[in-house]
Amino acid sequence: MTALLTLKDVCAGYGGSVVLDGLSLQVNEGEVVCLLGANGAGKTTATRVICGLVKPTAGDLTFAGKSLLRVPSYDRVNEGICLSPEGRQVFPDMTVRENLLLGAFCKRAKADRAKTLDEVLSVFPRLAERALQKAGLMSGGEQQMLAIGRALMGKPRLLMLDEPSLGLAPKLVMDVYEAVSKTAKLGISILIVEQNAEVALAAADRGYVLADGHIAASGSAAELRGSKLVQEAFLGASQAKRNSTRDRRRT
Amino acid sequence: MAVRKQIMPGWAWWALSAGLAGAMVIASLSGSAIAGDVAFRIATLLIISVSWNLMAGAGLISLGHSAFWGLGSYAAALSVNKLGFSFAMSLIPAMIVGALIGACLAGITGRIRGIYFAICTLALSEGLRVVAVMLPDVTGGANGLYLDASKHPGPMIVTLVASIGAILIVFVSWLLSRSRYQFALRAMRDNESASQMLGIEPLRYRVAIMALCGAMASFAGGINIWRGGYLDPGVAFELITTINSQIAPILGGIYTLPGPVIGSILTIALGEITRLTLGNIIGASLLLYGGLLIVIVLVLPNGVYGAVTGVSGIRRFPFLRGKQPRSEAAS
Amino acid sequence: MTKESSQPILEVDNVDMVFGGLRALDAVNLQVRVGDCFGIIGANGAGKTTLLNVITGYLRPTKGKIVFDGVSVTGKTPFQLAKSGMGRTFQITQPFVEMSVLENVMTGALFSINGRKRSIAEARAFCDEPLRLVGLADQAETLAGSLTLGAKKKLELARVLATEPKLMLLDEVMGGLTRAEVEEISEVLEKIRDSGKTTIVMIEHLVHVITRLCDHVYVLNFGRELFQGRPDDVIEHPEVIQAYLGKPQTTNAQPSGT
Ligand SMILES: Nc1ncnc2c1ncn2[C@@H]1O[C@H](COP(=O)(O)OP(=O)(O)OP(=O)(O)O)[C@@H](O)[C@H]1O
Ligand SMILES: [Mg+2]
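Thresholds applied
- Residues numbered from 1 in each chain as written.
- Chains lettered and ligands numbered in written order.
- Predicted model: local features only at pLDDT ≥ 70, side-chain atom pairs only at ≥ 80, totals over all residues.
- Heavy atoms only, no water.
- Helix = DSSP H or I, 4+ residues; strand = E, 2+ residues; numbered from the N terminus.
- Rg over C-alpha atoms; globule rule 2.2 N^0.38 Å.
- Buried < 20%, exposed > 50% of the residue type's maximum accessible area, 1.4 Å probe, protein only.
- Contact = heavy atoms within 4.5 Å.
- Lys, Arg positive; Asp, Glu negative; His and termini not counted.
- Charge placed at Lys NZ, Arg CZ, Asp CG, Glu CD.
- Areas by Shrake-Rupley, 256 points an atom, 1.4 Å probe, with all protein chains shown as cover.
- Donors = N, O, S within 2.8 Å, 3.2 Å for Na, K, Ca; no water.
- Axes fitted to C-alpha atoms, helices over the stretch in contact; angles between N-to-C directions.
- Parallel < 35°, antiparallel > 145°, perpendicular 65-115°, else oblique.
- Left-handed = near helix turned anticlockwise from the far one by under 90°.
- Nonpolar A, V, L, I, M, F, W, Y, C, P; charged D, E, K, R; others polar.
- Patch = residues over 30% accessible without salt bridge, like charges linked within 9 Å, V, L, I, M, F, W, Y side chains within 5 Å.
- Salt bridge = Lys/Arg side-chain N within 4 Å of Asp/Glu carboxyl O.
- Near = heavy atom within 4 Å.
- Polar contact = N/O pair within 3.5 Å; in protein donor to acceptor, adjacent residues only side chain to side chain.
- pLDDT = per-residue confidence, 0-100.
- Pairing = 2+ DSSP bridges.
- Disulfide = S-S within 2.5 Å.
- Phe/Tyr/Trp six-rings, centres within 6.5 Å; stacked < 30°, edge-to-face > 60°.
- Lys NZ or Arg CZ within 6 Å of the ring centre and 35° of its normal.

Let's shift gears to the overall build of chain B. Of the regular secondary structure elements, chain B holds 15 helices and 2 strands. In summary, chain B has a C-alpha radius of gyration of 21 Å against a globular reference of 20 Å for 331 residues, a match within 12%. Counting every position in chain B, which comprises 331 residues, the buried fraction comes to 49%. At a minimum sequence separation of 6, the contacts of chain B that also span at least 24 residues come to 78%. Between the centroid of the 21 positive side chains of chain B and the centroid of its 11 negative side chains there is a distance of 12 Å.

Across its full length, chain A carries 12 helices and 10 strands. The C-alpha atoms of chain A give a radius of gyration of 18 Å, which matches the 18 Å a tight globule of 251 residues would have. In terms of its C-alpha atoms, chain A occupies a principal-axis envelope of roughly 55 × 50 × 40 Å. Across the 251 residues in chain A, those meeting the buried criterion constitute 55%. For chain A, the exposed area adds up to about 10400 Å²; of that, 53% sits on carbon and sulfur atoms. Measuring between centres, the 32 positive side-chain charges of chain A sit 3 Å from its 26 negative side-chain charges.

This part takes up the coordination of the magnesium ion (ligand 2). All names here are of chain C. The magnesium ion (ligand 2) binds to the protein through Thr49 (OG1) and Gln91 (OE1), with metal-donor distances spanning 1.9 to 2.2 Å. Here Thr49, found in helix H1 (residues 48-55), pairs with Gln91, found in the loop between strand S6 (86-88) and helix H3 (101-111); they are 42 residues apart in sequence, far enough to count as distant. The class of Gln91 is buried, set by a relative accessible area of 9%.

This next bit is on the packing of helix H2 (residues 33-57) of chain B against helix H12 (residues 259-278) of chain B. All names here are of chain B. Running from amino to carboxyl end, H2 crosses H12 at an angle of 140 degrees, the nearest separation of the two axes being 9 Å. Classified by the interaxial angle, the pair formed by H2 and H12 is oblique. Between H2 and H12 lies a crossing whose hand is right-handed. Residues Val38, Arg41, Ile42, Leu45, Leu46, Ser49, Val50 and Asn53 of H2 pack against Pro260, Val261, Ser264, Ile265, Thr267, Ile268 and Glu272 of H12. Considered class by class, the residues forming the contact of H2 with H12 number 9 nonpolar, 4 polar and 2 charged.

Here we come to a nonpolar patch on the surface. Together, Phe91, Met94, Leu102 and Phe105 of chain A make up a nonpolar patch on the protein surface, roughly 360 Å² of accessible area in all. With respect to the element layout, Phe91 of chain A can be found in the loop between strand S6 (81-84) and helix H3 (96-103).

Lining the immediate surroundings of ligand 1 are 21 residues, of which Arg130, Ser139 and Gly141 of chain A together with Thr49 and Thr50 of chain C lie closest. Residues within reach of ligand 1 are spread across chains A and C. One nitrogen or oxygen atom from the main chain of Gly140 of chain A is found 3.4 Å from an oxygen atom belonging to ligand 1. At 3.2 Å from an oxygen atom of ligand 1 is found a main-chain nitrogen or oxygen belonging to Ala46 of chain C. Relative to its unbound accessible area of 640 Å², ligand 1 is 89% covered by the protein chains. Contributing elements (two or more residues each) for the shell around ligand 1: helix H7 (140-153) of chain A together with strand S2 (22-33) and H1 of chain C. Of the residues in the shell around ligand 1, the class split is 7 nonpolar, 11 polar and 3 charged.

The packing of two helices is summarised by the inter-axis angle and the distance between the axes. Residue and element names in this part refer to chain A. Two numbers describe how H3 lies on helix H5 (residues 113-123): the axes approach to 10 Å, and their chain directions differ by 125 degrees. Accordingly, the angle class assigned to the pair H3 and H5 is oblique. Crossing handedness for the pair H3 and H5: right-handed. Judged by residue contacts, Arg97, Leu100 and Leu101 of H3 engage Arg113, Leu117, Val120 and Leu121 from H5.

Attention shifts here to the confidence of the model for chain A. Residue and element names in this part refer to chain A. Per-residue pLDDT for chain A averages 85, and the proportion of residues at 70 or more is 93%. Ranking the elements of chain A by mean pLDDT puts helix H12 (residues 239-250) last, at 41, and strand S8 (residues 189-193) first, at 94. Here residues 238-251 is modelled with pLDDT under 50, and outside its nearest four sequence neighbours on either side it reaches 24 contacts, counting other chains as well.

Once that is clear, we can look at the pattern of salt bridges. Where side chains of opposite charge bring their charged atoms close, a pairing between them can arise. According to the stated counting rule, one finds 29 salt bridges over all chains in the structure shown. We note a salt bridge from Lys155 of chain A to Asp112 of chain A, for which the minimum N-O separation is 2.9 Å. Of this pair, Lys155 of chain A sits in the loop between H7 and strand S7 (158-162) while Asp112 of chain A sits in the loop between helix H4 (107-110) and H5, and the two are 43 residues apart along the sequence. According to the relative accessible area criterion, Asp112 of chain A is partly exposed, its value standing at 32%. A salt bridge links Arg129 of chain B to Glu126 of chain B; the nearest nitrogen and oxygen atoms lie 3.1 Å apart. Of this pair, Arg129 of chain B and Glu126 of chain B both sit in helix H5 (residues 114-134), 3 residues apart, which is roughly one turn of that helix. Taken together, the shared-partner salt bridges connect Asp37, Arg41, Arg227, Glu272 and Arg275 of chain B into one network.

Moving on, we come to the sheet that holds strand S5 (residues 66-67) of chain A. Residues and elements named next belong to chain A. Overall, antiparallel pairing links the 4 strands, which are arranged S2-S1-S4-S5 in an open sheet. At either margin of the open sheet sits one strand with a lone partner, and together these are strand S2 (17-28) and S5. Here 5 bridges tie strand S1 (residues 3-14) to strand S4 (residues 58-63), and the two strands are oriented antiparallel to one another. Counted as the bridge partner of Cys11 is Ala58 from S4. Seen against the sheet, helix H1 (residues 43-51) touches S1, S2 and S4 and runs at an angle of roughly 115 degrees to S1.

Let us look at the state of the cysteines. Applying the stated criterion across every chain yields a total of 0 disulfides over all chains. With no disulfide partner, Cys82 of chain A has as its closest neighbouring cysteine sulfur the one in Cys106 of chain A, 6.1 Å distant.

With that out of the way, let us pick up the packing of aromatic side chains. Here the distance between the centres and the angle between the planes together describe a pair of aromatic rings. On inspection of all chains with the given rule, the structure shows 10 aromatic pairs over all chains. Taken together, a centroid distance of 5.8 Å and an interplanar angle of 85 degrees make the contact between Tyr58 of chain C and Phe90 of chain C edge-to-face. Placement of Tyr58 of chain C in the loop between H1 and strand S4 (63-68) and of Phe90 of chain C in the loop between S6 and H3 is noted, with a sequence separation of 32 residues between them. The residue whose ring lies beneath Arg180 of chain B is Phe111 of chain C, and the NZ or CZ to ring-centre distance is 5.6 Å. Lying across the ring of Phe126 of chain C, Arg118 of chain C places its NZ or CZ 3.8 Å from the centre.

Okay, the side chain of Glu192 of chain B next. Residues and elements named next belong to chain B. Its location among the elements puts Glu192 in helix H8 (residues 180-196). Overall, the relative accessible area of 12% leaves Glu192 in the buried class. Apart from the residues lying within four places of it in its own chain, the contact partners of Glu192 are Arg111, Arg113, Ala187, Pro202 and Arg206.

So, in structure tokens, the structure goes:
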């Protein structure tokens, strides 16, 4: 497998504060990679650096063999990097359909946007039902679907999903991850940032754990699932404790 | 308040403020025509810019401060000419009219915000100008009216009252900035809908702040008529009044307490300097003045106060400016 | 349990909410009792947030009645309801972005029923507690706009806690939190519930949180009641599984106690 995206010793921050401190990671062609980490560990900043919304202060960033450092964010979309941002960020006063079509604004996606639109709407039938509703009036979960759909509209080579399961009903989380697997089968690489480590690791081939701005652990999804660090921090190893409080309450 | 670079201890702020206030009073009493003129212009500009800044701080961007100013001027002038009021008495109807029109505007505009609110205020000021032209019996129409000169207390008293008024109004805005109302006003500016769920009644605060700001701006307009003694609709509702009232706070630091003070002194000083150096070439001083304003806004997007202290009332890209939080990892 | 006999604090009586051609709420009836922890679940777009908006006065119901604390409050505005003791959080977070975290919470502490008597210094001191509870104490000076999503959700909770509501309506406050943080916040809510001072209504997609905290769960589907009852009965109900959970809870993607 060849590397599609490589981050090497990337540092970045806001104002004076350092958020990413020597982050290195790699996403190969057709691979699903998940990035885990506590709140504030820098996961969202990592996606912003990859999109070009935050400039790295050090390190290198290559995509499909080319350095991205001098490529502005709007051109990176055209290279095939699409992001579904944390907290949705849909255009509230535009309709659902307009939001989706905007996702296919770049040259690379424009030509077949009608076809992509059909595909996206088949993944999220609710968006088809509400094509003409203002995006800002959609429910929280519906806006999340829209954000993911909009990213898919860009015909990505690398799809980045920041907290895709946020606000989605359990059944829909399954639907989204099913769509993720399907998308990956088409040869598209996917980078998932998730708090919901269980589902993310189930869908991913490999994973990284981000702590204090750099990689603290990495490995195949199965390895990570077995590791003590991941179990304690992300998979709820405090299960026993919780069950006991619950039982106490029931009696 | 927000994290702030401590550039001066508290007493130094007090000393500086007292010094500025003292300088204003001394300039008013000096008897020098130039010093008095500068003090008067700083004082009136300060009053309307504090007023504009307070309203902006509650999310109400006004493009119609000349409405308050002009109404204040007419209220003062007419109370003298028609009712025989004295100088001091004439300022009272000015403030009452300003407060009333502010409160009414707050009520009428209801929940309108942002650009729509701004346009309403602009329409109000233009509308008032037209009304003033159409009521020649009261306002003298386009010919204007002259203030009854026999009531004039002399320029020194007028300047002194303007200066003291400005000092008091800055003091009021300082009191406000330390009160609970500050929280309600900022919350409304930021997110009016969410602020309601904390028990904040938007209309109430809106009426209160606009009445206060209207009274302030009309006071400035009311006292201004005592300087020139002449008023016509064009002068009363001049657009430049509105523009000046916002340039000063933006220059000094919008939404901040010292912003209007710094900005007013700076704009008047810039105007004077360019006039003195290039005054003999027609238009050149204005060109330089405008150019300097643009440069300052470009170099200091948060105003002078923001540049010096690192405190800015406005955050354009919060996620790029603020400190990125790092929570302690899961324990 | 004594709970069954306690007074209803909130009654939603036959409420309809229609947006154009869309019936977002259809004859919703529910009762929340004092001291309860009442869960609302349902698929995306089922009408949960709309129901909260109707209860808190952000929307006026097309039909039906809301009774809070024994008085009909249909048509009251959000600030009137806030003053009479309701508090809520927003699913799509609504912090005051140009204020610090502390100032956000202080705003809550200054304008609530009890807050009106507080001075600013008292309000500041009072906010230590809610900030500590949600785990934002060391970010008190951070600008709210620059918080991560998870931290914004915590801020929503701290701000509503600072208003000391009688009835607290939480719309997905645990979104974007790590497991450990969900655990912490659940403990906080558990304490609040057990203190008996605040009645909680919560919307949450984390089913294990709902089953852990709630006494009663109401399931909405396409704006209608699908089922309501004890949490254990709800997650085993075949229609709930089919419409919402996708598959039975134990093997569900959202891990629960196994
Ligand atoms: N103001 C509005 N105008 C038109 N449709 C609306 C409006 N508000 C909500 N809707 C629609 O009503 C339905 C219910 O929305 P609501 O926000 O209550 O869902 P929800 O149950 O909270 O879902 P989620 O779990 O995704 O947050 C949605 O389909 C939404 O698109
Ligand atoms: Mg919702």
